[in-house]
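# Analysis of the macromolecular model
Below are the chains, spelled out letter by letter.
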Amino acid sequence: ALAMFSVFIVFLALLCKPIIEHMNIRWLPVSGCWIALGAACIIFKDVDSSTAINPEIFYYILLPPIIFNAGFSLEHRLFFGNFKAIIGFAFLGTLISATVTGSAILILADSNIIPLSAGKAQSFMFGALLSSTDPVGVMSVLKSSAVTGISDNIKTVIFGESILNDAVAITLFKTFENTEWIGKSISQQQEGVHQTNTYRDVSFALARFIYTTILSLLTGMTFGLGTSFVSTKITLLRQYPGVEFIVTFVSAYISYCVAEITDASGMLSVFTCGLVLSHYHRYNLSPSGRIAAEQVANISSLLGEVVVYIFLGVTATTSLYSKDSYSIISILSILLVCIVARGVVVALIGTVINCYSERKYQLVFRELLLIWFAGIRGA
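First things first, this report covers the structure right here in the doc. (Residues numbered from 1 in each chain as written. Predicted model: local features only at pLDDT ≥ 70, side-chain atom pairs only at ≥ 80, totals over all residues. Heavy atoms only, no water.)

What follows concerns the overall build of the protein. Across its full length, the protein holds 14 helices and 0 strands. For the protein, the succession of helices and strands along the chain, N to C, is α-α-α-α-α-α-α-α-α-α-α-α-α-α. Look at the contacts in the protein between residues 6 or more apart in sequence, and 83% of them connect residues 24 or more apart. Per element, the accessible surface of the protein, about 19,600 Å² overall, is 69% carbon and sulfur. (Helix = DSSP H or I, 4+ residues; strand = E, 2+ residues; numbered from the N terminus. Contact = heavy atoms within 4.5 Å. Areas by Shrake-Rupley, 256 points an atom, 1.4 Å probe, with all protein chains shown as cover.)

Next comes the structure, spelled out in C-alpha cells:
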C-alpha cells in the first residue's frame, strides 16, 4: 500500500509542471508545489521516523542523475565563456561567505542575541554549510516557466557556482572540523607554538582543498575520457543502443562513487564526467543510443528532483510535530546574516569580475541582484 501511495504521489507531482504552465501561474515555482504535496502526505500517513529520507538514498540514488544531467545537457560555450565569474563566486565567494557567516554567528551567540551554545569551530562549520548553494533548488527554479527574460549567461553562472562550490564547502567544513587553532589567543600559549599550529592548519586546509578539487576533476575526466575512447574504438557498440546507454550511465555513476569513497566531491566529479561525455562520447553514439541517453538523463533528473522536494515537504511538516524547540530569533537572525554575507560576496566578486571580463560576459546590476537572491539557500 505504501509503495502504491508513493507512486501515486510522484505521478501527481509530475502533473504539477504542465498544470502550472497551462494555467500561467508565474508566482508559484513547481518546486513549491512539490514541497506542498509532500507536506500534504502527512495527512494520509502517521508521523513517525519512517518519513525521513535515508541519506544514502539521497546521496547515491537521487543526487547523481540530477547533477549528471546538468553537465550532460550543459551548453559548453556559455559555461567556459563565463568561467571567470563561475570560479570567482564558487571559490573565493564561498570562502568569504563562510567566514562572514561563521564570524557573525559566533558574535551573536557570544552576545546572547541568539540562544546557541556554538563554539568557534562549530560556528565556522555552520558557516561553511550555509555558504554552499543548492544545485537542485537552483536548477528547479531556473527551469521554471516563471523565470523569463533572463539571459543564458546569468543562468550558467548561477548553476555553475552551485556545482563547483560543493568542493569548497566540503573542504572548509572538514578544515574547521579538524582545526585546533580557531579562537586561540596568544596569551593561552606561547607565540611560537601558536604560529606553528596556525601554519600547520592553514597548510592542511590548502592541501585538502587542492586534493578535493583536483581529485574530483581527475576522477570525472578519467571516466569521461575513458568511456569516450572505448566508444570511439569499439564501433561494434553502435549496433547495440542498449549497451551504449548502460556504458554511458554506469561510467558516470562509478565516477561519482569513486569520488565519494576517496573523500573528494562526487557532485563535481559526476558533473565533470557528464561534461566530458557530452563533448566527446555523445557523438560516438548511434542516433537511437544518443536519443535514449538524452531522454533517460532528463527523466531520471526530473524524478530525482521530484522525490527530493516531496521528502523536503514531508520532513519540514514532520519536524513541526517533533519535541525539539525552535527559536524564531535564531532563524531570523541567521537568515539576515546569510543575506548580508551573500550581498558582500556578490558586491565584491561582481565588481572584480566586471573589470576583467569581456563586455558580453559582464554582469549588470539586475543580474547581480539575481545572483544575490539565488545564493540565499544552504547546502
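This part takes up the packing of helix α3 (residues 55–72) against helix α12 (residues 287–319). α12 packs onto α3 with a crossing angle of 130 degrees between their chain directions and a minimal axis gap of 8 Å. With respect to their mutual orientation, α3 and α12 come out oblique. Our pair here, α3 against α12, has a crossing hand that is left-handed. Facing Phe58, Leu62, Pro65, Ile66, Phe68, Asn69 and Phe72 of α3, the residues of α12 in contact are Ala293, Glu294, Ala297, Asn298, Ser300, Ser301, Gly304, Glu305, Val307 and Val308. Its residues assigned to classes, the contact of α3 with α12 shows 10 nonpolar, 5 polar and 2 charged. (Axes fitted to C-alpha atoms, helices over the stretch in contact; angles between N-to-C directions. Parallel < 35°, antiparallel > 145°, perpendicular 65-115°, else oblique. Left-handed = near helix turned anticlockwise from the far one by under 90°. Nonpolar A, V, L, I, M, F, W, Y, C, P; charged D, E, K, R; others polar.)

Grouped together as the largest cluster of nonpolar side chains are 35 residues, with contacts concentrated most on Ile67, Phe68, Leu164 and Phe271. Mapped by element, the contributors of at least two residues to this core are α3, α5 (83–110), α6 (120–130), α8 (152–177), α10 (241–261), α11 (266–279) and α12. (Core = buried A, V, L, I, M, F, W, Y, C linked by side-chain atoms within 4.5 Å. Buried < 20%, exposed > 50% of the residue type's maximum accessible area, 1.4 Å probe, protein only.)

The end-to-end C-alpha separation of α5 is 39 Å, in line with the 40 Å expected for 28 residues at 1.5 Å each. Taken as a whole, α5 carries its principal kink of about 40 degrees at Gly93. (Expected span 1.5 Å × (residues − 1). Bend = angle between axes of the 7 residues up to and from the residue.)

It is worth spelling out the pattern of salt bridges at this point. Per the stated rule, a full pass over the model turns up 3 salt bridges. Linking Glu75 and Arg77 is a salt bridge whose minimum nitrogen-to-oxygen distance equals 3.1 Å. Residue classification places Glu75 among the partly exposed positions, given a relative accessible area of 39%. Note that Arg342 and Glu161 form a salt bridge whose closest N and O atoms lie 2.7 Å from each other. Taken together, the residues Arg342 in helix α13 (residues 328–355) and Glu161 in helix α8 connect sequence positions 181 residues apart. Here Arg342 matches Glu161 in class, with each residue buried. (Salt bridge = Lys/Arg side-chain N within 4 Å of Asp/Glu carboxyl O.)

With that out of the way, let us pick up the packing of aromatic side chains. Within this structure, the stated rule accounts for 10 aromatic pairs. Measuring from ring centre to ring centre gives 4.9 Å for Phe245 and Phe249, while their planes differ by 55 degrees; the resulting arrangement is tilted. Taken together, the positions of Phe245 and Phe249, both in helix α10 and 4 residues apart, correspond to about one turn of that helix. According to the relative accessible area criterion, Phe245 is partly exposed, its value standing at 26%. In this structure an aromatic cluster arises from ring pairing among Phe68, Phe72, Phe245 and Phe249. (Phe/Tyr/Trp six-rings, centres within 6.5 Å; stacked < 30°, edge-to-face > 60°.)

A contiguous nonpolar surface patch, about 550 Å² in accessible area, is contributed by Phe229, Val230, Ile234, Leu236, Tyr240 and Val243. Following the sequence through the fold, Val243 ends up in helix α10. Relative accessible area serves as the criterion here: at 35%, Val243 is assigned to the partly exposed category. (Patch = residues over 30% accessible without salt bridge, like charges linked within 9 Å, V, L, I, M, F, W, Y side chains within 5 Å.)

A separate point is the environment of Thr94. Checked against the element boundaries, Thr94 lands in helix α5. Classification of Thr94 by relative accessible area gives buried; the value is 1%. Considering only alpha carbons, one finds Thr94 and Asp166, 72 residues apart in sequence, at a separation of 9.2 Å. Discounting residues that sit within four places of it in the chain, Thr94 has contacts with Phe89, Ser131, Asn165, Val168, Ala169 and Leu172. Among the polar contacts made by the side chain of Thr94, one reaches the main-chain carbonyl oxygen of Ala90 at a distance of 2.5 Å. (Polar contact = N/O pair within 3.5 Å; in protein donor to acceptor, adjacent residues only side chain to side chain.)

Next up on the list: the packing of α5 against α13. For any two helices packed against each other, one specifies the inter-axial angle together with the distance between the axes. Remark: α5 packs on α13, axes separated minimally by 8 Å, with the N-to-C direction vectors making an angle of 145 degrees. As α5 packs across α13, the resulting crossing turns out to be right-handed. Between α5, through Lys84, Ala85, Gly88, Phe89, Leu92, Gly93, Ile96, Ser97, Val100, Thr101, Ala104 and Leu108, and α13, the contact on the second element is made entirely by Ser333, Val337, Ala341, Val344, Val345, Val346, Leu348, Ile349, Gly350 and Ile353. Its residues placed into classes, the contact of α5 with α13 shows 15 nonpolar, 6 polar and 1 charged.

A word on α11. An ideal rise of 1.5 Å per residue puts 20 Å on 14 residues; α11 measures up with 20 Å between its terminal C-alpha atoms. Within α11, 13 of the 14 residues are buried, which leaves it mostly tucked inside the rest of the structure.

This part is about unusual backbone geometry. Comment: phi is negative for the bulk of residues other than glycine, and the bulk of peptide bonds are trans. Even without glycine at this site, Asn112 takes up a positive phi of about 60 degrees. Structurally, the position occupied by Asn112 is in the loop between α5 and α6. The phi dihedral of Asp263 falls on the positive side, at around 65 degrees, and the residue is not glycine. Given the relative accessible area of 42%, Asp263 is considered partly exposed.

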